[in-house]
Amino acid sequence: MTEKALEEEPSGSRLGDFLREFIFQQDEVERPGIDLSDTSQFDINTKNIQSFFLSSIPGDVGAWFMEPEEASDRDKVVLYLHGVKGNRGRSYRVGLYNVLLQEGFKVLAIDYRGFGDSTDISEDEDTVVQDALVALDWLRNKVGENFDIYVWAHSLGTGIASHALAKEVIQKGGNPQVKGLILEAPFNNFTDEFIEKTSNTSNSVAKAALSALYALTGDSLPQAMLKLFNMEFNSDIFLPKILCPVMILHAEDDDKIPIELAQKLYESARAVGKKNIEFHFFAEQHGYKHHDIYQSENLPAMIRQFTAKV
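Residues numbered from 1 in each chain as written. Predicted model: local features only at pLDDT ≥ 70, side-chain atom pairs only at ≥ 80, totals over all residues. Heavy atoms only, no water.

Here we come to the pairing of strand 1 (residues 49-55). On a regular strand, each side chain points to the face opposite its neighbour's, so the side chains alternate between the two faces of the sheet. Sheet topology note: the strand 1/strand 2 (residues 60-66) ladder contains seven bridges and is antiparallel. In the sheet register, Phe52 faces strand 2, and the bridge partner there is Ala63. (Pairing = 2+ DSSP bridges. Helix = DSSP H or I, 4+ residues; strand = E, 2+ residues; numbered from the N terminus.)

Looking now at the packing of aromatic side chains. As enumerated under the stated definition, the model contains 15 aromatic pairs in all. With a centroid separation of 6.5 Å and 85 degrees between ring planes, the pair formed by Trp64 and Tyr97 is classed as edge-to-face. Separated by 33 residues along the polypeptide, Trp64 in strand 2 and Tyr97 in helix 3 (residues 91-102) bring together distant segments of the chain. The pair formed by Trp64 and Tyr97 is uniform in burial state, with each residue classed as buried. Geometrically, the ring pair formed by Phe282 and Tyr288 is edge-to-face, given 5.9 Å between the ring centres and 75 degrees between the ring planes. Here Phe282 matches Tyr288 in class, with each residue buried. Taken together through their ring pairs, the aromatic side chains of Phe22, Phe187, Phe190, Phe194 and Phe233 make up a single cluster. Between the NZ or CZ atom of Arg31 and the centre of the ring of Phe42, over which it lies, the distance is 5.3 Å. One Lys or Arg, Lys197, reaches over the ring of Phe22 and ends 4.9 Å from the middle of that ring. (Phe/Tyr/Trp six-rings, centres within 6.5 Å; stacked < 30°, edge-to-face > 60°. Buried < 20%, exposed > 50% of the residue type's maximum accessible area, 1.4 Å probe, protein only. Lys NZ or Arg CZ within 6 Å of the ring centre and 35° of its normal.)

Turning our eyes to something else, we now look at unusual backbone geometry. Going from Ile57 to Pro58, the amide bond is cis rather than trans, its omega being -5 degrees. Its location among the elements puts Pro58 in the loop between strand 1 and strand 2. Backbone geometry places Gln177, a non-glycine residue, at a positive phi of 75 degrees. Since its relative accessible area comes to 18%, Gln177 is described here as buried. Not every positive phi belongs to a glycine, and Asn230 is a case in point at roughly 60 degrees. Along the chain, the position of Asn230 falls in the loop between helix 8 (220-228) and helix 9 (235-238).

Here we take up helix 11 (residues 299-309). Along helix 11, the residues that are buried comprise Leu299, Met302, Ile303, Phe306 and Thr307. Angularly, the buried residues of helix 11 cover 125 degrees about the axis, an arc narrow enough to put them on a single face. Summarising the geometry of helix 11, the exposed residues directed more than 90 degrees from the buried face are Ala308 and Lys309. Considering only its buried residues, helix 11 is in contact with strand 3 (76-81), helix 3, strand 5 (148-154), strand 6 (178-184), strand 7 (246-251) and strand 8 (277-282). (Arc of directions from axis to C-beta. Contact = heavy atoms within 4.5 Å.)

Structural data, given as structure tokens:
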């Protein structure tokens, strides 16, 4: 398909629907049929959980607001923005909530519309960014102005968070109360991640065909396709616009998003003058790959050091 043909393809086409499913994978649920409103079915280390919905027109966003059982003198809260697949109850996401709760943070976790128990819509970059901003506004109203807010994003969620916070800076001149952004397993832009993912498919025929296609077109074809269907996630453009400090976390053995793409993101932000950004990698020997950085015994200290700086 040529770039011209892509421009003529309606956004509601089967190609667009296939691409959305290929990228978001929202129907790949770890525990099909589980009731997200029954938080007792998840291994969350607190009973102080509210399960509810936020209005994000058109539709609603499913959410959990979790608070530590033990009183904390830390007026800090995390908005967690997950990546592809399933819902906010996925086991490694719960594992991170537990780390944050243990560190005294309150946590708001959401499912974008199209995911989990949220309204079923046809997602694109604008819809997930809108949901992230709706959650952030709700969180400000919930905790009040004396709380410090941190945004923690994983995988595709890093693209959502970067776009959302940059959009708020453009519209409001800043991100009120947001003291830091943690990007776990990020990419620099989704064009590079898309090429990486499709070039390394296990289907040998598809891999050969795509490699030949990319050799001829470079990144122009996938870039045009992602732009057409509103799924570019250009974090390397958005991140320098964000004023708060940023911490990047990435595992050397990440098999979904290569650490080289995170390095590109870090270097591009530094190159245009963003100095309050740090990069931490986790050695391959730990086996954390794409999902399991939360298991690192060093993570709590890294969180404390980052939040103490800001």
